[in-house]
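# Descriptive structure summary
Residue strings, one per chain:
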Amino acid sequence: MAYKVHNPYKEAQIMELNFMGINEHRKISFSAGEILLTITPLVLAGIAVATSFLPELSFMAECVNIGATGDVCHIAMQ
């Protein structure tokens, strides 16, 4: 009496079957919640760093009055 096993993969080799499992495992998908949860702290940290530098930023304007052509100004950020 022979024991018969149903094989849905027919002539596939064991290596091919393993690769099929690997390909299924490698499919990576991120949900919107995961992306939002990851990006939110980065954005908040960027805002915190930017607000710490903004009070120190100022513009310096040096103007020279030239009679015929008007004022010539040089504007720099400090």
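In the block above lies the structure referred to throughout.
Residues numbered from 1 in each chain as written. Predicted model: local features only at pLDDT ≥ 70, side-chain atom pairs only at ≥ 80, totals over all residues. Heavy atoms only, no water.

## Concerning the overall build of the protein
Helix and strand counts for the protein stand at two helices and two strands. Mapped from its N terminus to its C terminus, the protein presents α and β elements in the order α-α-β-β. Sorting the 78 residues of the protein into buried and exposed places 0% on the buried side. (Helix = DSSP H or I, 4+ residues; strand = E, 2+ residues; numbered from the N terminus. Buried < 20%, exposed > 50% of the residue type's maximum accessible area, 1.4 Å probe, protein only.)

## Let's talk about the pairing of strand β1 (residues 59–66)
Bridge analysis of β1 against strand β2 (residues 70–77) gives eight bridges, and the strand direction is antiparallel. Following the sheet pairing, F59 is matched in β2 by M77. The hairpin turn running from β1 into β2, its antiparallel successor, is three residues long. (Pairing = 2+ DSSP bridges.)

## Let's talk about helix α2 (residues 32–53)
End to end, α2 covers 31 Å across 22 residues, agreeing with the expected 32 Å (1.5 Å per residue, within 8%). Approximately 25° is the largest bend angle found in α2, and it occurs at I39, with the proline P41 only one to four residues beyond. (Expected span 1.5 Å × (residues − 1). Bend = angle between axes of the 7 residues up to and from the residue.)

## Observations regarding the state of the cysteines
Evaluated as defined, the whole model comprises one disulfide. The disulfide bridge from C63 ends at C73, spanning 2.0 Å between sulfur atoms. Given an S-S torsion of about 110°, the disulfide between C63 and C73 has right-handed geometry. Pair noted here: C63 is in strand β1 and C73 is in strand β2, with a separation of 10 residues, a long-range link. You can call C63 partly exposed: its relative accessible area is 47%. (Disulfide = S-S within 2.5 Å.)

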